[in-house]
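# Geometric and topological summary
Residue strings, one per chain:
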Amino acid sequence: MSTAGKSLFLNDLSLSHQEAWQLLERGAADRYSPLHTLAVATVTSEGTPSQRIMVLRASDRANRQLRFNTDLRASKVADIGHDSSISVLGYHPQAKVQLRLSGKAVVQTAGDDVETAWEQASLYGQRCYLADPAPGSVVDAPTSGLDPAVQGVKPSPDQVRPARGNFAILLVKVELVEWLYLAHSGHRRARFAWNLAASRWDGSWLVP
Ligand SMILES: Cc1cc2nc3c(=O)[nH]c(=O)nc-3n(C[C@H](O)[C@H](O)[C@H](O)COP(=O)(O)O)c2cc1C
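So, how was this worked out
- Residues numbered from 1 in each chain as written.
- Predicted model: local features only at pLDDT ≥ 70, side-chain atom pairs only at ≥ 80, totals over all residues.
- Heavy atoms only, no water.
- 1 Å grid on protein atoms, 1.4 Å probe; cavity = no way out; pocket = protein on both sides within 12 Å on 5 of 7 lines; lining within 4 Å.
- Points joined across faces, edges and corners; volume = space filled by probe spheres on them.
- Helix = DSSP H or I, 4+ residues; strand = E, 2+ residues; numbered from the N terminus.
- Nonpolar A, V, L, I, M, F, W, Y, C, P; charged D, E, K, R; others polar.
- Salt bridge = Lys/Arg side-chain N within 4 Å of Asp/Glu carboxyl O.
- Buried < 20%, exposed > 50% of the residue type's maximum accessible area, 1.4 Å probe, protein only.
- Polar contact = N/O pair within 3.5 Å; in protein donor to acceptor, adjacent residues only side chain to side chain.
- Contact = heavy atoms within 4.5 Å.
- pLDDT = per-residue confidence, 0-100.

## What about the layout of surface pockets?
In this structure, the largest pocket encloses a volume near 340 Å³. Looking at the largest pocket, it is lined by 17 residues, and the ones nearest its centre are Asn-69, Thr-70, Asp-71, Lys-76 and Tyr-129. The set of elements that each furnish at least two residues to the lining of the largest pocket consists of strand S2 (49-55), strand S4 (65-71) and helix H3 (75-82). Residue composition of the lining of the largest pocket, grouped by class: nine nonpolar, four polar and four charged. Lining the second largest pocket we find Arg-57, Arg-67, Asn-69, Ala-117, Gln-120, Ala-121, Ser-122, Gly-125 and Tyr-129. Elements supplying a minimum of two residues to the lining of the second largest pocket: S4 and helix H4 (112-120). Its residues placed into classes, the lining of the second largest pocket shows three nonpolar, four polar and two charged.

## What about the pattern of salt bridges?
Evaluated as defined, the whole model comprises seven salt bridges. Where salt bridges share partners, they join Arg-100, Glu-178 and Arg-189 into one cluster.

## Focus: the side chain of Asp-79
Positionally, Asp-79 belongs in helix H3. Judged by relative accessible area, Asp-79 falls into the buried class, the value being 7%. A polar contact of 2.7 Å, which involves the side chain of Asp-79, links it to the side chain of Thr-42. When near neighbours in sequence (up to four residues on either side) are disregarded, Asp-79 contacts Thr-42, Val-43, Thr-44, Ser-45, Ser-50 and Arg-52.

## Let's talk about the confidence of the model for the protein
A residue-level look at the protein finds 97% of positions with pLDDT of 70 or above and a mean pLDDT of 95. The spread of mean pLDDT over the elements of the protein runs between helix H1 (residues 6-10), the lowest at 71, and strand S1 (residues 37-43), the highest at 99.

## Brief notes about unusual backbone geometry
The omega angle of the peptide bond from Asp-132 to Pro-133 is 0°, so this bond is cis rather than trans. Summarising the element assignment, Pro-133 is placed in the loop between helix H5 (123-127) and helix H6 (157-160). Here Lys-96, not a glycine, exhibits a phi torsion of approximately 60°, which is positive. For Lys-96, a relative accessible area of 28% corresponds to the partly exposed category. Here the phi dihedral of Ser-199 falls at roughly 55°; this positive angle occurs in a residue that is not glycine. In this structure, Ser-199 sits in the loop between strand S8 (188-195) and strand S9 (200-206). The exposed category is assigned to Ser-199, whose relative accessible area is 51%.

Put into structure tokens, the structure is as follows:
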């Protein structure tokens, strides 16, 4: 429950929108928030939906942007190369809010934002990007994909350095926010569509 207050945002579109972004901002900042991990869906080159759980790394309301980290070799990156459409879904049981967002995805491998994201990752986090062969490769035997030298121990900066080349950030430019609030007194549902021409969010109530 945010400071917006249940009774206030229930019947106020602007406060509902604010509540949605506050939950996303806390989701990125607080690893214990239920919105710290979100379901992220892309569309494959065959046109089928594909979802996976990802850690929400940053939420930027002013730029209507979410950030995730990914391995550049992951299938989600290939999906985005074919079709940048993306959908993000989460549920916060304490706040009783489901958030469904959609927009366009961009994958970045270089630049200040990527360097900062890489530096913010722990050595254990950076180690994930060392997998060889690439994530999703078919192999003959069960494996973590990691060299035994970096398994079960804290890797050194030298050991994880080669992983940087496999690291990328996935930015979601949000175009639509759908907010569903569950309440015994009556559910509430609202959608907020980004109006590009007017540079503003257009909100409407929906029947839950
Ligand atoms: C709790 C949890 C958090 C995860 N966080 C990430 C993440 O931040 N980035 C990521 O690329 N994969 C993450 N994964 C793994 C993905 O769910 C997925 O298995 C992997 O990225 C391969 O997905 P793809 O082949 O669809 O690209 C996470 C999985 C779990 C269970």
